[in-house]
Amino acid sequence: MDVSMLQRTYTDLLTSLFREGILNQQFIELQQLQDENNPGFVNEVVSLFFEDAGRLITELISNFNQQAVDYKKVDAYVHQLKGSSASIGAEKIRSVCQTFREYYDKNDIQGCYNCIQPLKQEFMTFKSKLEALFALEQQIVAAGGSIPMMRH
Amino acid sequence: MTWFIIAGIMEQKPRIVNQIKLNFSLVWPELSLKSWRTHLYNQYFVTRKVRETWRRKLLLLWIVGWIVFSLSLLWYMNSTQVEKRRETLGNMCDERARMLQDQFNVSMNHLQALAILVSTFHHSKNPSAIDQATFARYAERTAFERPLTSGVAYAVKVLHSEREQFERMQGWTIKKMYSSKKSTARDQGDGGSTEVTPQEISPVAYEYAPVIFAQDAYKHVVSLDMLSGHEDRENILRAREVGKGVLTAPFPLVKSNRLGVILTYAVYKSELPSNATPNERIEAAIGYLGGIFDIEALVDKLLHQLACKQSISVNVYDTTNGQIRMYGSNQTGRGMSHISALNFGDPSRKHEMHCRFTQKPPLPWLAITTSFGTLVIAFLIGYIFSATVTRIAKVEDDYHQMMELKKRAEAADVAKSQFLATVSHEIRTPMNGVLGMLQMLMDTELDVTQQDYVRTAQASGKALVSLINTVLDQAKIESGKLELEAVPFNLRSLLDDTLSLFSGKAQEKGLELAVYVSDQVPETLVGDPGRIRQIITNFMGNSIKFTERGHIYLTVHLVDEAASLWEVETETDPQSRTNNTLSGYAVASRKRSWENFSIFQHGSNPFDRPYVSSSSDQITLIISVEDTGVGIPYEAQSRIFTPFMQVGPSIARIHGGTGIGLSISKCLVGLMKGEIGFASRPQIGSTFTFTAVLTRNRSNSTSSEYKPTEFYGMNALIVDHRAVRAQVTSYHLRRLGIKSELTTNLSQFLSKPSLNMVLIDKETWSLEAITWSNFASMFTSSTIPKLFILANPTLKNNSPSFQDVNLNIILKPLRASMLQVSLQRALFGGGDKGNCRNGVAGNLSLGSLLQGKRILVVDDNSVNLRVAAGALKKYGAEVTTADSGKRAIEFLKPPHTFDACFMDIQMPEMDGFEATRRIRGMEAVLNDRIKRDEVCREINGKVIQNWHIPILAMTADVIQATHEECLKSGMDGYVSKPFEGEQLYREVARFFKPNTKLS
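Computed from a prediction, not measured in an experiment: that's the story for all the values here.

Examining the interface of chain B and chain A
Phase 1 of the analysis: Across the contact, 21 residues belong to chain B and 28 residues belong to chain A.
Phase 2 of the analysis: The contact between chain B and chain A buries some 2,300 Å² in all, and 58% of this surface belongs to carbon and sulfur atoms.
Phase 3 of the analysis: Of all residues in chain B, the largest losses of buried area upon contact with chain A belong to Met440, Val863 and Arg866 of chain B, amounting jointly to 25% of the total for that side.
Phase 4 of the analysis: Applying the counting rule to chain B against chain A returns one salt bridge.
Phase 5 of the analysis: In this structure, Glu44 of chain A and Arg866 of chain B form a salt bridge, with 2.3 Å as the shortest nitrogen-oxygen distance.
Phase 6 of the analysis: Between chain B and chain A we count six residue pairs in polar contact (both at pLDDT 80 or more) in total.
Phase 7 of the analysis: Contributing elements (two or more residues each) for the side of chain B that touches chain A: α9 (365-443) and α25 (862-874) of chain B.
Phase 8 of the analysis: Looking at the side of chain B that touches chain A, its residues break down into seven nonpolar, ten polar and four charged.

Shown next as structure tokens:
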């Protein structure tokens, strides 16, 4: 594929991610942190997030499936997840975590429980979209083009 | 009774509560009162229902009780009245009976006397002294003695043996009294009237009692044998047996057709002893006297005599055998009656008098009204108590409702502020997205128009964010959450920065901007620079908005100085003062904007009061912003500080703004223990002034403003025909260490040898029509000082004389840094041009701050850790990471080489606060040892007197993390997570000097 086409696809995808609210400003900040001294920074951080968040969500679900749910632990997981997602700009995941914690503060266990599925869902969506984005990025780099909108 | 007691208690309760409240609120302010209230409140809800039902029951009981009472009262009063009536009736009846009896007795006595008369003059004399005519005449004439007798007759006892002789003597035969089957009981008088017409000769009997004398009216009974009549016979036999008057049963009289009785007396031959036996009496009887009593007439007469207002009906009965009515109507009325016994002297016959009121008893009005009145009063009292109790209950209800509403209102107020804070916070997040996208858009290839659109959109977005921040401030102020920082800062550079914000707009409008800070104001002050800047920005923003010509002049003095300025201003001639302004336009008197401040109100002369600020660390600044704008209409001046209030709706349309700025400024000034005021004259200008209490900076650890040393000892000449403007220039030069002299006339000072530079205002330059050539000609060629023209940006390039290469143009507004650069360039040549022109860009300066710094980032979240580290590395910092508070402590155990630490607050095991506390603890121990010279002070070539690594908290939620909490645990500040460039810069700038300037 043509580099410019790839670049346009990349831009469109990124724009759609912002439009759908999956990503926020923070992701741009993150991209801006990436420079010649620190190539692949975004990829590194996001991969770290996938790993971290995946682990947290698994723990969360397994904790909820137990007989005696340790809500303190659950809250700690969600707090972690919220912090991570805020850092990389995963807006939707962050907002679900926010909702979860609001329910938690109100002692609404059912509300918390209802957040688990959306959380998982949002994480899967986020992961697939971002992986697609990174794949595109690599294609662009491989094709010798520069990644658009990375310039400041 | 319980009802009363309960009502009383209920009445007293609120009063007691009030008293208790008063007492309690005096001693313990809030806590005890609250608990007491809660207690009451609970008790109230428990007892309320019970009380309600009790109240109803008691009310019902009260009503029923009083109904019973009033009924019994009615009954009692009525019965008393009836009793009284009965008594009256009895008295009347008895009276009548007695009188009747008396009169009857009188008649009876007279009849007895008549009997004695007959016995004396008829039987004891021979021949008889009485014949029929005599008897009749006598009886007639003595009839008045016997008012009740209608007639008398006398019969003699004749034995059968004497009959013939008797008949012969009398000349008539003894006739039998008619005793038909119908009227056997009728006497001779009666028989004589209707039934007795066919008189028969009396049959043979043992003895006879023929009538020999009779009153004229009863002449027809003469010769009738009384013993032949059944009634009469019995009467006669009884009379002679007892020797007393004997009465017959009542019967209707012949003539009057009234009822009557016959009284019979026996006449004896001789005087009999009183204890004579009946047989003796029978033997001795020789005749019988009978009298007819007209009972009805008798009673009528009697009643007539006794007629009185209360008419009663009287019935007289003979009750010997059954009840035979003798007098009165036969209708037996119902109701009360009284029976009096009558004694007519005949023990064998019984008579009774029955009395009855003719009228029905009147209704017992007194009783009725009394009982009814009582009932009404009782009902009224019941109603009053009930209403009172209901009212009390209602008031209590209302009170509780009010309390509830108050609580809710307070909660709503808190919620509102919270909401505002949250919403503002939440709006900022998407706005960041918008702004970020716009930034991205600007980086793409756009044509000029698109660039313009995007720039406009971004500017609007930024304006919106700043507006949201303002609203957030307002919310914080209202909820009392806004707290001021106390950090050392340099006021002069702060004001320079603030001024530069407005230089663009001022340039557009052609306004002259200037700042002047009195020399007496210390270099470094401790306070909240952000808030001071906010107030000044607000003032300046308003001034810019409403000023179309002239100038905006920001001045800072100590309050002590202001007092002397006052003196100066009062001394100045008004005419010259109008000209003695920055731009020559008239201004609103600055003095008038602060003359209402209480700080100037002590004593008439401000010099009399001792200055607090000079004696302690407290410094009171007076800061004024003076403009030559349209001013504020007098009618709007009173509400200038009211939130959301603007001069008029058109103002909002033309100039925009929410009208919240001044109100926030006022609050902020209040927080700084200062005052705010203004003076404004329409079409001339406004001057806003505020005071703020700050403290002197005692510690020397923080650096003062960077002062270039290269200009020390230089002399400058300022040529300006406006003294105020010259003063401003002089002030900026002084900051650079340059001594300056002022003059209005250039030629006077040109001979001075040590002159390094001459600064001429462009206006004066034009006015005096100086050119470079004639300027240069004034000096000997070796010592020509550098010439600088101070110009407003809009005025540049319009005069050919400025294109002269030897002229250095310095653009106003003057700022120390800019002036420094310009002078450097002109005097020493070179220098990086434009570097400091408009301040340094945020990230660049952040880079300059963080370059080469060793920073420890602590966060348990690996992603966050990575991002934060990445961000800091980006700015050139050397970053070390730690994933827990414990590891952070290990890293930061002094001595170490870190320059700063960013610490997450919320971490498992050991949170940021705790970790910071421990680090501070370790530092304190070491510092203590350093003081006692126990350890070496030199580490890595640096001498460290006092270990204190700046620790900044990282937190996702800026609102929740209060500054105070961070400070309490020993942190130096906080930054939001993810990092925001400006905030990071602001916080970091407090600890690091920019590397570029140090180099």
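Concerning the UniProt feature "modified residue: Phosphohistidine" (unreviewed entry) in chain A
Phase 1 of the analysis: UniProt's entry tags His79 of chain A with the feature "modified residue: Phosphohistidine" (unreviewed entry), counted in the numbering of this structure.
Phase 2 of the analysis: Within the secondary structure layout, His79 of chain A lies in helix α4 (residues 71-88).
Phase 3 of the analysis: With residues up to four places along the chain from it excluded, the contact list for His79 of chain A reads Arg101 of chain A together with Gln906 of chain B.

A closer look at the nonpolar core
Phase 1 of the analysis: Phe27, Phe49, Phe126 and Leu130 of chain A together with Leu872 and Phe902 of chain B are the most contacted members of the largest nonpolar core, which totals 71 residues.
Phase 2 of the analysis: If we skip the residues at most four places from it in the chain, Phe126 of chain A touches Ile22, Leu23, Phe49, Phe50, Ile88, Ala90 and Ile93 of chain A.
Phase 3 of the analysis: Among the nonpolar cores identified, the runner-up in size contains 69 residues, and Leu111, Leu247, Leu302 and Leu342 of chain B belong to it.

Overview of the sheet that holds strand β12 (residues 312-318) of chain B
Residue and element names in this part refer to chain B.
Phase 1 of the analysis: Pairing within the open sheet is antiparallel, and its four strands lie in the order β13-β12-β15-β14. Edge positions in the sheet fall to β13 (324-327) and β14 (337-342), since each of these pairs with one other strand and no more. Each strand of the sheet is rotated relative to its neighbour by a mean of 30°, with strand direction disregarded.
Phase 2 of the analysis: Here β12 runs beside strand β15 (residues 351-357); their pairing, made up of seven bridges, is antiparallel. Bridge assignment links Asp318 to a residue of β15, and that residue is His351.
Phase 3 of the analysis: Of the strands in this sheet, β12 and β13 are in contact with helix α8 (residues 295-305), which crosses β13 at around 50°.

Overview of the confidence of the model for chain A
Phase 1 of the analysis: Summary statistics for chain A give a mean pLDDT of 83 and a share of 96% for residues scoring 70 or more.
Phase 2 of the analysis: Within chain A, the element-level pLDDT minimum falls on helix α2 (residues 25-33) of chain A, averaging 81, and the maximum on helix α5 (residues 91-105) of chain A, averaging 88.

Some thoughts on the sheet that holds strand β25 (residues 757-761) of chain B
Residues and elements named next belong to chain B.
Phase 1 of the analysis: Taken in spatial order, the five strands line up as β24-β23-β25-β26-β27 in an open sheet, and their pairing is parallel. Strand pairing shows two members of the sheet lacking a second neighbour, β24 (739-743) and β27 (808-811), which therefore form its edges. Geometrically, the sheet is characterised by an average inter-axis angle of 25° between neighbouring strands, direction not taken into account.
Phase 2 of the analysis: Where strand β23 (residues 715-719) and β24 come together, five bridges link them in parallel fashion. Note that in β24 the partner of Val719 across the bridge is Thr743.
Phase 3 of the analysis: Strands in contact with helix α19 (residues 723-735) are β23, β24, β25 and β26 (786-791); relative to β23, the strand with the most contacts, it is inclined by about 160°.

Digging into the packing of aromatic side chains
Phase 1 of the analysis: Scanning the model with the defined rule gives 18 aromatic pairs over all chains in all.
Phase 2 of the analysis: Ring centres 6.4 Å apart and planes at 75° place the aromatic pair Phe50 of chain A and Phe123 of chain A in the edge-to-face group. Placement of the pair is Phe50 of chain A in helix α3 (residues 41-65) and Phe123 of chain A in helix α6 (residues 109-142), with a sequence separation of 73 residues. Taken as a pair, Phe50 of chain A and Phe123 of chain A share a single burial class, namely buried.
Phase 3 of the analysis: For the pair Phe50 of chain A and Phe126 of chain A, a centre-to-centre distance of 6.1 Å together with 75° between the ring planes defines the contact as edge-to-face. Separated by 76 residues along the polypeptide, Phe50 of chain A in helix α3 and Phe126 of chain A in helix α6 bring together distant segments of the chain. With respect to class, Phe50 of chain A is no different from Phe126 of chain A; both count as buried.
Phase 4 of the analysis: Three or more aromatic residues joined by ring pairs form one cluster here, namely Phe539, Phe641, Phe678, Phe688 and Phe690 of chain B.
Phase 5 of the analysis: A cation over an aromatic ring shows up here: Arg163 of chain B above the ring of Tyr208 of chain B, its NZ or CZ 4.7 Å from the ring centre.
Phase 6 of the analysis: One cation-aromatic arrangement involves Arg854 of chain B over Phe898 of chain B; the distance from NZ or CZ to the ring centre is 4.7 Å.

A few points about the pattern of salt bridges
All names here are of chain B.
Phase 1 of the analysis: Using the criterion set out here, one finds 22 salt bridges over all chains in the structure.
Phase 2 of the analysis: One salt bridge in this structure joins Arg725 and Glu512, with 3.6 Å as the shortest N-O distance. Here Glu512 lies in strand β17 (residues 512-517) and Arg725 lies in helix α19, a separation of 213 residues in the sequence. An identical accessibility class is assigned to Arg725 and Glu512; each is buried.
Phase 3 of the analysis: Residues joined in a network through salt bridges with shared partners are Glu512, Asp720, Arg725 and Asp761.

Describing helix α27 (residues 912-931) of chain B
All names here are of chain B.
Phase 1 of the analysis: Helix length check: α27, at 20 residues, gives a terminal C-alpha distance of 28 Å against a target of 28 Å (1.5 Å per residue), a fit within 8%.
Phase 2 of the analysis: For α27, every residue scored as buried is listed here: Gly912, Phe913, Ala915, Thr916, Ile919, Arg920, Met922, Glu923, Leu926, Asn927 and Ile930.
Phase 3 of the analysis: At the exit of α27 stands Asp933, carrying a positive phi of roughly 60°.

Side note on unusual backbone geometry
Phase 1 of the analysis: Even without being a glycine, Asn107 of chain A presents a positive backbone phi close to 60°.
Phase 2 of the analysis: Within the secondary structure, Asn107 of chain A sits in the loop between α5 and α6.

Re the side chain of Ser70 of chain B
Phase 1 of the analysis: Positionally, Ser70 of chain B belongs in helix α2 (residues 31-123).
Phase 2 of the analysis: For Ser70 of chain B, the contacting residues outside a window of four places in its chain are Ser371 and Leu375 of chain B.

Describing a nonpolar patch on the surface
Phase 1 of the analysis: Where nonpolar side chains cluster on the molecular surface, the patch consists of Phe372, Val376, Leu380, Tyr383 and Ile384 of chain B and spans about 540 Å² of accessible area.
Phase 2 of the analysis: In this fold, Phe372 of chain B is placed in helix α9.

Quick notes on the confidence of the model for chain B
All names here are of chain B.
Phase 1 of the analysis: Per-residue confidence for chain B averages 75 on the pLDDT scale, and 76% of its residues sit at or above 70.
Phase 2 of the analysis: Here residues 830-844 scores under 50 on pLDDT; set against residues more than four positions off or in separate chains, the count is twelve contacts.
Phase 3 of the analysis: Overall fold confidence (pTM) sits at 0.42, and the ipTM for the predicted complex is 0.82.

Focus on the environment of Ala457 of chain B
Residue and element names in this part refer to chain B.
Phase 1 of the analysis: Following the sequence through the fold, Ala457 ends up in helix α10 (residues 448-478).
Phase 2 of the analysis: We classify Ala457 as partly exposed; its relative accessible area is 31%.
Phase 3 of the analysis: Spatially, the C-alpha atom of Ala457 lies 8.5 Å from that of Leu435, the residues being 22 residues apart in sequence.

Thoughts on the environment of Asp102 of chain B
All names here are of chain B.
Phase 1 of the analysis: Mapped onto the fold, Asp102 is located in helix α2.
Phase 2 of the analysis: Classification of Asp102 by relative accessible area gives partly exposed; the value is 44%.
Phase 3 of the analysis: Placed 242 residues apart in sequence, Asp102 and Phe344 show a C-alpha to C-alpha distance of 8.6 Å.

Points about the pairing of strand β1 (residues 149-156) of chain B
All names here are of chain B.
Phase 1 of the analysis: Within β1, seven of the eight residues are buried, which leaves it mostly tucked inside the rest of the structure.
Phase 2 of the analysis: Pairing analysis gives seven bridges linking β1 to strand β11 (residues 285-294), with the strands arranged antiparallel. Looking across to β11, one finds that Val152 is bridged to Gly291.
Phase 3 of the analysis: Pairing of β1 with strand β6 (residues 211-214) involves three bridges; the strand directions are antiparallel. If you follow Ala153 over to β6, its bridge partner there is Ala214.

Some details on the pairing of β25 of chain B
All names here are of chain B.
Phase 1 of the analysis: Of all five residues in β25, five are buried, a share of seventy percent or more.
Phase 2 of the analysis: Both faces of β25 are covered, namely the face carrying Met757, Leu759 and Asp761 and the face carrying Val758 and Ile760.
Phase 3 of the analysis: Judged from the four bridges that link them, β23 and β25 form a sheet pairing that is parallel. The residue bridging Ala716 from the neighbouring strand is Met757, located in β25.

Parameters and conventions
Residues numbered from 1 in each chain as written. Chains lettered and ligands numbered in written order. Predicted model: local features only at pLDDT ≥ 70, side-chain atom pairs only at ≥ 80, totals over all residues. Heavy atoms only, no water. Contact = heavy atoms within 4.5 Å. Buried area = accessible area lost by both parts, 1.4 Å probe. Salt bridge = Lys/Arg side-chain N within 4 Å of Asp/Glu carboxyl O. Polar contact = N/O pair within 3.5 Å; in protein donor to acceptor, adjacent residues only side chain to side chain. Helix = DSSP H or I, 4+ residues; strand = E, 2+ residues; numbered from the N terminus. Nonpolar A, V, L, I, M, F, W, Y, C, P; charged D, E, K, R; others polar. UniProt positions renumbered as here; feature names shortened; annotations may be inferred. Core = buried A, V, L, I, M, F, W, Y, C linked by side-chain atoms within 4.5 Å. Buried < 20%, exposed > 50% of the residue type's maximum accessible area, 1.4 Å probe, protein only. Pairing = 2+ DSSP bridges. Axes fitted to C-alpha atoms, helices over the stretch in contact; angles between N-to-C directions. pLDDT = per-residue confidence, 0-100. Phe/Tyr/Trp six-rings, centres within 6.5 Å; stacked < 30°, edge-to-face > 60°. Lys NZ or Arg CZ within 6 Å of the ring centre and 35° of its normal. Expected span 1.5 Å × (residues − 1). Patch = residues over 30% accessible without salt bridge, like charges linked within 9 Å, V, L, I, M, F, W, Y side chains within 5 Å. Areas by Shrake-Rupley, 256 points an atom, 1.4 Å probe, with all protein chains shown as cover.

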